Amino acid sequence: MTDASRLPDDRVAAFQIEDQPVRGRIVRMGPAIDAVLSAHAYPAPVAELLGEACALAALIGSALKFDGRLIVQAQGDGPVRYVVCDYGTEGTLRGYCRYDEGELAALTADDARPGAHRLLGKGVFVMTLDQGPDFDRHQGITPIEGDSLALCAEHYFQQSEQIPTEVRLAVGHLIDETGSGWRAGGMMIQRLAADTTRGETDDAWTRARALFNTISADELIDPRVPSETLLYRLFHEDGVRLEAGQPLAALCRCSPDRIATVLDSFTDEERAEMVEPDGKIHVTCEYCAKVYALEAGTGV
């Protein structure tokens, strides 16, 4: 296996199984995902769902060939109304969930770890490509399928892109001698189309899938199992090449100016109703939970 030194936390990288029509990507996150999830006091099932969305967004978004954003979201009529991760192609992540506390408590009373389908209910899985103001957004929408966001993504690629895809995602809150925090990991493989050079790819894809399906959630989030070690365990007989990858960081794009612009969209009367006893309008960013205190006439 060729590597570019040990792949650290908070990085996503592509890999290629040698001489096989299978490509893949792997992501491992520690401080970055901990910053996203710790910004809110989410119940564990909600935090895990958002962590999966962030890992998935990094896997898919890091393959984009343009500067912009990938927005991965799912929304439905279940206790979790909405989960979204906004991935910037420079390697930035932010995300949040909207949920009903009472409905979630009722759901988890007899199942502490319900899957994505029970959390989200009937709804849609959406991926949006945003290349900036000079381009139209491209959006793909499929029904929520299966008990995880990984299965939703597999269904999306099969229905929208006709690309056979396997995805594994894992999120957990770990405690060890160095402290505690959220971790997330994910891996994705895709089958390349047959052509005159590759020939038929059925057997190679079947073999890669069989090996891929031996991945455990613990391996994906264990800081003691480097990405290189995991890939070697899976594909050492064929050989696997891991690229250097891209660093990831939690970064919210909120700012006083952006908040003021939003407030400017309201009438004077509407802004007056928002004023609190200290004479200011308090606005909380849904993504990072930062609170901005602004004058009623907008401006900090």
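See the structure shown above.
Definitions and limits used
- Residues numbered from 1 in each chain as written.
- Predicted model: local features only at pLDDT ≥ 70, side-chain atom pairs only at ≥ 80, totals over all residues.
- Heavy atoms only, no water.
- Helix = DSSP H or I, 4+ residues; strand = E, 2+ residues; numbered from the N terminus.
- Rg over C-alpha atoms; globule rule 2.2 N^0.38 Å.
- Buried < 20%, exposed > 50% of the residue type's maximum accessible area, 1.4 Å probe, protein only.
- Contact = heavy atoms within 4.5 Å.
- Areas by Shrake-Rupley, 256 points an atom, 1.4 Å probe, with all protein chains shown as cover.
- Lys, Arg positive; Asp, Glu negative; His and termini not counted.
- Charge placed at Lys NZ, Arg CZ, Asp CG, Glu CD.
- Core = buried A, V, L, I, M, F, W, Y, C linked by side-chain atoms within 4.5 Å.
- Pairing = 2+ DSSP bridges.
- Arc of directions from axis to C-beta.
- Polar contact = N/O pair within 3.5 Å; in protein donor to acceptor, adjacent residues only side chain to side chain.
- Salt bridge = Lys/Arg side-chain N within 4 Å of Asp/Glu carboxyl O.

Let's talk about the overall build of the protein chain
Next up, step 1: Tallying secondary structure elements over the protein chain gives ten helices and 14 strands in all.
Next up, step 2: Its C-alpha radius of gyration of 21 Å places the protein chain within 12% of the 19 Å reference for a compact globule of 300 residues.
Next up, step 3: The burial tally for the protein chain puts 48% of its 300 residues in the buried class.
Next up, step 4: Considering only intrachain contacts with a sequence separation of at least 6, the fraction spanning at least 24 residues in the protein chain is 61%.
Next up, step 5: Accessible area of the protein chain: about 14500 Å², with a carbon and sulfur share of 48%.
Next up, step 6: Treating the 28 positive side-chain charges of the protein chain as one cloud and the 48 negative ones as another, the clouds have centres 3 Å apart.

Remarks on the nonpolar core
Next up, step 1: Met29, Leu120, Phe125 and Leu149 are the most contacted members of the largest nonpolar core, which totals 64 residues.
Next up, step 2: A total of twelve residues in this core trace back to one element, the largest contributor, which is helix H2 (residues 44-61).

A few points about the sheet that holds strand S5 (residues 92-99)
Next up, step 1: Strands sit in the order S7-S6-S3-S4-S5-S12 across an open sheet of six strands; the sheet is mixed. Every other strand in the sheet has two partners, leaving strand S7 (138-143) and strand S12 (249-250) as the edge strands with one partner each.
Next up, step 2: Examined bridge by bridge, strand S4 (residues 80-88) and S5 share eight bridges and lie antiparallel to one another. What sits directly across from aspartate 86, in S5, is arginine 94.

Regarding helix H9 (residues 256-264)
Next up, step 1: Of the residues making up H9, those classed as buried are Ile259, Ala260 and Leu263. Across the axial projection of H9, the buried residues extend over an arc of 100°, all falling on one side. Turned more than 90 degrees away from the buried face of H9 sit Asp257 and Thr261, all of them exposed.
Next up, step 2: Contacts from the buried residues of H9 go to helix H10 (268-274), strand S13 (280-284) and strand S14 (291-295).

A word on the side chain of arginine 183
Next up, step 1: Assignment of secondary structure puts arginine 183 in strand S9 (residues 179-191).
Next up, step 2: Under the relative-accessibility criterion, arginine 183 is labelled buried at 8%.
Next up, step 3: From its side chain, arginine 183 meets the backbone oxygen of isoleucine 221 in a polar contact 2.6 Å long.
Next up, step 4: If we ignore the near neighbours within four places in the chain, the residues touching arginine 183 are Asp9, Met29, Gly30, Ile33, Ala170, Val171, Gly172, Leu174, Ile221, Asp222 and Pro223.

Side note on the pattern of salt bridges
Next up, step 1: Evaluated as defined, the whole model comprises 21 salt bridges.
Next up, step 2: Here aspartate 111 and arginine 118 are joined by a salt bridge, their closest N and O atoms 2.9 Å apart.
Next up, step 3: Using a relative accessible area of 24% as the deciding quantity, one classes aspartate 111 as partly exposed.
Next up, step 4: Residue class for arginine 118 comes out partly exposed when judged on its relative accessible area of 40%.
Next up, step 5: A salt bridge links glutamate 219 to arginine 233; the shortest N-O distance between them is 2.8 Å. A residue pair is termed long-range when its members are at least 10 positions apart, and glutamate 219 in helix H7 (residues 217-221) and arginine 233 in helix H8 (residues 227-235) qualify at 14 residues.
Next up, step 6: Of the residues examined, arginine 233 reaches a relative accessible area of 35% and is grouped as partly exposed.

Quick look at the environment of valine 80
Next up, step 1: When you line up the elements, valine 80 lands in strand S4.
Next up, step 2: Classification of valine 80 by relative accessible area gives buried; the value is 0%.
Next up, step 3: The residues contacting valine 80, other than those within four sequence positions of it, are Val46, Leu49, Arg98, Tyr99, Leu119 and Leu120.

So, the environment of alanine 244
Next up, step 1: Tracing the chain through its elements places alanine 244 in the loop between strand S10 (240-242) and strand S11 (246-247).
Next up, step 2: Between the alpha carbons of alanine 244 and aspartate 222 there is a distance of 20 Å; along the sequence they are 22 residues apart.

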